[in-house]
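Each chain is listed here by its residues.
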Amino acid sequence: MKRYVIERMIPGIGSKTAGEHREAAAVSNEALAKLAPRVQWVHSYFADDMTYCVYLAEDPEDIRRHAELSGFPANKITEVRVVVDPATAEAA
């Protein structure tokens, strides 16, 4: 599967409560269950009015289908080409 970053514009998402975040995760999980094993949610980052989600998927259409089922927008879907982290400096 390929790795993608999904940008979602959701006004006020960063200031929602932990309970509201749990509810959003549950909605996402329900949609993912319908699409398994073609889509997997890795994690998300919430900012003021944006979420940045990391997903594994066969192709962007699977992510768009998740957006339709969950009701969460997928404003931009970008395939990750390379992952770099501190260990990259140590690679031979």
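Look up: the structure comes first, before these words.
Remember, predicted model here, so these are calculated numbers, not experimental data.

**Looking at the sheet that holds strand S4 (residues 76-79)**
- Reading across the sheet, the four strands line up as S2-S3-S1-S4 and stay open at both edges, with antiparallel pairing between neighbours. Single-partner strands in this sheet number two, and they are strand S2 (39-46) and S4. Each strand of the sheet is rotated relative to its neighbour by a mean of 20°, with strand direction disregarded.
- Across eight bridges, strand S1 (residues 2-9) lies against strand S3 (residues 50-57) in antiparallel orientation. The residue of S3 that forms the bridge with Val 5 is Val 54.
- Sitting on the sheet, helix H1 (residues 18-35) is in contact with S2 and S3, with an inclination near 160° to S2.
- On the sheet, helix H2 (residues 60-70) packs against S1, S2, S3 and S4 and is oriented at approximately 35° with respect to S1.

**Quick word on the nonpolar core**
- Counting residues in each nonpolar core, the largest one holds nine residues, listed as Tyr 4, Ile 6, Leu 32, Leu 35, Val 39, Cys 53, Tyr 55, Ala 57 and Ile 63.
- Elements with a minimum of two residues in this core: S1, H1 and S3.
- The greatest single-element share of this core, amounting to three residues, is contributed by S3.
- Setting aside residues up to four positions removed in sequence, Tyr 4 forms contacts with Cys 53, Val 54, Tyr 55, Ala 57, Glu 58, Asp 59, Pro 60, Ile 63, Ile 77, Thr 78, Glu 79 and Val 80.

**Topic: the environment of Ala 47**
- Along the polypeptide, Ala 47 turns up in the loop between S2 and S3.
- The class for Ala 47 is partly exposed, based on a relative accessible area of 32%.

**Here's the deal with unusual backbone geometry**
- Omega for the bond connecting Ala 36 with Pro 37 falls within 30 degrees of zero, at 0°, which places this linkage in the cis form.
- Locating Pro 37 in the fold gives a position in the loop between H1 and S2.

**Considerations on the packing of H1 against H2**
- H2 packs onto H1 with a crossing angle of 130° between their chain directions and a minimal axis gap of 9 Å. One way to sum up the angle between H1 and H2 is to call them oblique. Every pair of crossing elements has a handedness; the one defined by H1 and H2 is right-handed. Here Val 27, Ser 28, Ala 31, Leu 32, Lys 34 and Leu 35 of H1 come into contact with H2, specifically with Asp 62, Arg 65, His 66, Leu 69 and Ser 70.
- In the contact of H1 with H2, the residues fall into five nonpolar, three polar and three charged.

Rules behind the numbers
Residues numbered from 1 in each chain as written. Predicted model: local features only at pLDDT ≥ 70, side-chain atom pairs only at ≥ 80, totals over all residues. Heavy atoms only, no water. Pairing = 2+ DSSP bridges. Helix = DSSP H or I, 4+ residues; strand = E, 2+ residues; numbered from the N terminus. Axes fitted to C-alpha atoms, helices over the stretch in contact; angles between N-to-C directions. Contact = heavy atoms within 4.5 Å. Core = buried A, V, L, I, M, F, W, Y, C linked by side-chain atoms within 4.5 Å. Buried < 20%, exposed > 50% of the residue type's maximum accessible area, 1.4 Å probe, protein only. Parallel < 35°, antiparallel > 145°, perpendicular 65-115°, else oblique. Left-handed = near helix turned anticlockwise from the far one by under 90°. Nonpolar A, V, L, I, M, F, W, Y, C, P; charged D, E, K, R; others polar.

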